[in-house]
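# Topology and contacts: notes
Given next are the chains, with one letter for each unit.
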Amino acid sequence: MERMKFGKGAVPSIPQVKDGTFHQFSTLSFTPQKGDFYACTVAHTALKDPKTRFWGVSEVSVSSADPAVFFGVGLALGLLGVATGTFLIIKGNQCN
């Protein structure tokens, strides 16, 4: 194995499997900030070239349809409740 570099706070973990193979994991604890950019490079003898994966923090936007959907579902359930209550009151009065 080549020398591995772990950033500040990285915790390497190498659980051994019965057949002699292993998977290597490394984790970092951090809070992503807008505009951050991350990269991970893996070099291994089984790979022709080192593999690099890049990540960027993207903004999560809330769809403007979400409040309308919640309102619509709430309104429909409310009207269904009123209709059911009215039906049960009328049926109850007819039985007495």
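Here is what the cut-offs are and how they apply
Residues numbered from 1 in each chain as written. Predicted model: local features only at pLDDT ≥ 70, side-chain atom pairs only at ≥ 80, totals over all residues. Heavy atoms only, no water. Helix = DSSP H or I, 4+ residues; strand = E, 2+ residues; numbered from the N terminus. Buried < 20%, exposed > 50% of the residue type's maximum accessible area, 1.4 Å probe, protein only. Contact = heavy atoms within 4.5 Å. Areas by Shrake-Rupley, 256 points an atom, 1.4 Å probe, with all protein chains shown as cover. Phe/Tyr/Trp six-rings, centres within 6.5 Å; stacked < 30°, edge-to-face > 60°. Pairing = 2+ DSSP bridges. pLDDT = per-residue confidence, 0-100. Patch = residues over 30% accessible without salt bridge, like charges linked within 9 Å, V, L, I, M, F, W, Y side chains within 5 Å. Salt bridge = Lys/Arg side-chain N within 4 Å of Asp/Glu carboxyl O.

## Let's talk about the overall build of the chain
When you go through the chain residue by residue, the secondary structure sums to 1 helix and 4 strands. Reading the chain from its N end, one meets helices and strands in the order β-β-β-β-α. Within the chain, the fraction of its 96 residues that count as buried is 1%. Partitioning the intrachain contacts of the chain with sequence separation of at least 6 by distance along the chain shows that 7% fall at a separation of at least 24. For the chain, the accessible surface area stands at approximately 9,000 Å², while carbon and sulfur atoms represent 62% of it.

## Focus on the packing of aromatic side chains
The full count for this structure, using the stated rule, is 1 aromatic pair. Ring plane angle 25° and centroid distance 5.7 Å describe the contact between Phe 37 and Phe 54, whose orientation is recorded as stacked. Pair noted here: Phe 37 is in strand E3 (residues 37–42) and Phe 54 is in strand E4 (residues 51–56), with a separation of 17 residues, a long-range link.

## Some points on the pairing of E4
In terms of burial, E4 is largely open, as just 0 of its 6 residues are buried. When E3 meets E4, the two strands line up antiparallel, connected through 6 bridges. In the sheet register, Val 42 faces E4, and the bridge partner there is Lys 51.

## Some details on the confidence of the model for the chain
Taken as a whole, the chain shows an average pLDDT of 76; of its residues, 72% reach a score of 70 or greater. Within the chain, the lowest mean pLDDT, 57, falls on strand E1 (residues 11–13), and the highest, 88, falls on helix H1 (residues 65–95).

## Quick notes on the environment of Phe 37
A relative accessible area of 58% places Phe 37 in the exposed class. Expressed as a C-alpha distance, the spacing of Phe 37 and Trp 55, which sit 18 residues apart in the sequence, is 5.9 Å. Setting aside residues no more than four positions away along its own chain, Phe 37 makes contact with Phe 54, Trp 55 and Gly 56.

## Topic: a nonpolar patch on the surface
A cluster of nonpolar side chains, contributed by Val 69, Val 73, Leu 77 and Leu 80, occupies part of the molecular surface with about 380 Å² of accessible area. Within the element layout of this structure, Leu 77 appears in helix H1.

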